[in-house]
Amino acid sequence: MNLYQWLLFLHVTGAFFLLGGIVIAGILNLSAIAKDRRPSQVASLYGLIRFAVPLIGAGLLLTLVIGLWLVHEADYGYGDGWVVAAIVLWLLASALGNIDGKYQRQTGELARRLAAEGDTPSPELRARLRDPRALAISYGSGLIAFAVLGIMIWKPGA
Amino acid sequence: MVAIVRPDAWNLPLFLHVLGATLTFGATATVALLGFAGLRGDPERAVWLRGLAFRIGGYVLVPAFILMRGGAQWIADKEYPGSAKTPGWLDVGFIVTEPGALLVIVMLILAWFAARRPSFRGAVAVPWLASIYLVALGIAWFAMSAKPGS
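Keep in mind the model is a prediction, meaning the values are calculated, not measured.

(A) Examining the packing of helix α1 (residues 3-33) of chain A against helix α6 (residues 132-154) of chain A more closely. Residues and elements named next belong to chain A. It is at 11 Å that the axes of α1 and α6 come closest, and there the two elements cross at 150°. Here α1 is positioned roughly antiparallel relative to α6, judged by the angle of their axes. Note on packing geometry: the crossing formed by α1 with α6 is left-handed. The residues of α6 that touch α1, namely those facing His 11, Leu 19, Ile 22, Val 23, Gly 26, Asn 29, Leu 30 and Ile 33, are Leu 135, Tyr 139, Gly 142, Ala 145, Phe 146, Leu 149 and Met 152. Among the residues making up the contact of α1 with α6, the classes are represented as 11 nonpolar, four polar and no charged.

Structural data, given as structure tokens:
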């Protein structure tokens, strides 16, 4: 196997880690908000989301670093429209994901505290879980990452 | 090294295939996480987590798997029409998805029982089968992306 094949494998591995991690976090988040769950149940689901975080982090790093290397190796240009669009969307998804991560961590902490204090359903927790702005940031970040996948395949303008 | 340019008509099936594969990977990993978490703790919590693993398997993993496999067949028919000989890296993908479908079915049956009976011993197999399938998916994405031997 040549260098290009190895780089492509590592880049695709990064994409699987990133998108797979987003899917794990998304499914568990949806499971938490779909029904009125007890704080202990929300805390359990948010506790599992933490396993997706290193996957997303490794995916972000691999997709960007190996992706930039691939642009050079495959004779594309760093100024090509699809490369610039992918980098801008990658940055946007990362920034939104970072905001979402902090919010979700606080929600998980609230759920754990409420679980320890009697585990009764809480309007505060429910409001945090279903906050429209937070959901827009969270799912927007994931959808942007999937849009980058589309750009990688269609390479518009290449 | 110049990247190989695909015909535009291959892009949609490839996108659907990769989209299905990433959803399959994420859903399988979620089933594994819920399955392992459902082996510990009090019986009520364990049954709830196992039930969730079963529902995610049915509502997310199965449709994602169908999307992945359908997209794969669509692009394979375009790239290797008729009786054209398929390369080894493509065969690896089919080897992973066809017995993989059987593994997913067995896993879902066990997950269904595990969600109903707290003492069901087969519950332990669910997250392990999901983990085995994650490894198989990793082998497939190595073959699909690096195309060794091509």
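Read on for the rest.
(B) Molecular detail of the pattern of salt bridges. Using the criterion set out here, one finds six salt bridges over all chains in the structure. A salt bridge links Glu 98 of chain B to Arg 69 of chain B, with the shortest nitrogen-to-oxygen separation between them at 2.7 Å. One end of the pair, Glu 98 of chain B, is in helix α3 (residues 88-114); the other, Arg 69 of chain B, is in helix α2 (residues 43-79), with 29 residues separating them in the sequence. The class of Glu 98 of chain B is partly exposed, set by a relative accessible area of 46%. With relative accessibility at 17%, the residue Arg 69 of chain B sits in the buried group. Each member of the salt-bridge network shares a partner with another, and the members are Asp 36, Arg 126 and Arg 130 of chain A.

(C) Structural context of the interface of chain A and chain B. In this assembly, 37 residues from chain A lie in contact with 34 residues from chain B. Summing the contributions of chain A and of chain B, the shared interface buries around 3,100 Å²; its carbon and sulfur component is 75%. For chain A, the biggest contributors to the area lost against chain B are Phe 16, Ile 153 and Trp 154 of chain A; these three give 21% of the whole. The interface formed by chain A and chain B includes one salt bridge. Here Arg 38 of chain A makes a salt bridge to Glu 44 of chain B, at a shortest N to O gap of 3.8 Å. Applying the counting rule to chain A against chain B returns four residue pairs in polar contact (both at pLDDT 80 or more). Residue assignment for the side of chain A that touches chain B shows that the elements contributing at least two residues are α1, α2 (39-49), α3 (52-73) and α6 of chain A. Considering each element in turn, the side of chain A that touches chain B owes the most residues, 16 residues, to α1 of chain A.

(D) Quick look at helix α4 (residues 125-146) of chain B. With 22 residues, α4 of chain B extends 31 Å between its outermost C-alpha atoms, agreeing within 8% with the 32 Å of an ideal straight helix rising 1.5 Å per residue. Following α4 of chain B by one or two positions, Lys 147 of chain B has its phi on the positive side, about 45°.

(E) Seen up close, the environment of Thr 24 of chain B. Residue and element names in this part refer to chain B. Topologically, Thr 24 is positioned in helix α1 (residues 11-37). Since its relative accessible area comes to 0%, Thr 24 is described here as buried. As a C-alpha pair, Thr 24 and Leu 49 span 25 residues in sequence and 19 Å in three-dimensional space. Apart from residues lying up to four places away in sequence, Thr 24 is in contact with Leu 61, Ala 64, Phe 65, Met 68, Tyr 133 and Leu 137.

(F) Structural view of the nonpolar core. All names here are of chain B. In terms of nonpolar packing, the biggest core is built from 71 residues, with Leu 34 and Tyr 133 touching the most fellow members. With 13 residues, α1 is the single largest residue contributor to this core. Other than its neighbours up to four places away in sequence, Tyr 133 contacts Thr 24, Thr 28, Phe 65, Met 68, Val 96, Thr 97, Gly 100, Leu 103 and Val 104.

(G) Representation of the side chain of Thr 28 of chain B. All names here are of chain B. With respect to the helices, strands and loops of the structure, Thr 28 is situated in helix α1. Residue Thr 28 is classed as buried on the basis of its relative accessible area, which comes to 0%. Apart from residues lying up to four places away in sequence, Thr 28 is in contact with Leu 61, Ala 130, Tyr 133, Leu 134 and Leu 137.

(H) Examining unusual backbone geometry more closely. One non-glycine residue, Asp 75 of chain A, adopts positive backbone phi at about 65°. Tracing the backbone shows Asp 75 of chain A in the loop between α3 and α4 (81-116). The backbone of Lys 147 of chain B sits at a positive phi, close to 45°, despite the residue not being glycine. Within the secondary structure layout, Lys 147 of chain B lies in the segment after α4. When its relative accessible area of 27% is taken as the criterion, Lys 147 of chain B is described as partly exposed.

Quick notes on the rules
- Residues numbered from 1 in each chain as written.
- Chains lettered and ligands numbered in written order.
- Predicted model: local features only at pLDDT ≥ 70, side-chain atom pairs only at ≥ 80, totals over all residues.
- Heavy atoms only, no water.
- Axes fitted to C-alpha atoms, helices over the stretch in contact; angles between N-to-C directions.
- Helix = DSSP H or I, 4+ residues; strand = E, 2+ residues; numbered from the N terminus.
- Parallel < 35°, antiparallel > 145°, perpendicular 65-115°, else oblique.
- Left-handed = near helix turned anticlockwise from the far one by under 90°.
- Contact = heavy atoms within 4.5 Å.
- Nonpolar A, V, L, I, M, F, W, Y, C, P; charged D, E, K, R; others polar.
- Salt bridge = Lys/Arg side-chain N within 4 Å of Asp/Glu carboxyl O.
- Buried < 20%, exposed > 50% of the residue type's maximum accessible area, 1.4 Å probe, protein only.
- Buried area = accessible area lost by both parts, 1.4 Å probe.
- Polar contact = N/O pair within 3.5 Å; in protein donor to acceptor, adjacent residues only side chain to side chain.
- Expected span 1.5 Å × (residues − 1).
- Core = buried A, V, L, I, M, F, W, Y, C linked by side-chain atoms within 4.5 Å.

Nothing here speaks to function; it is geometry throughout.
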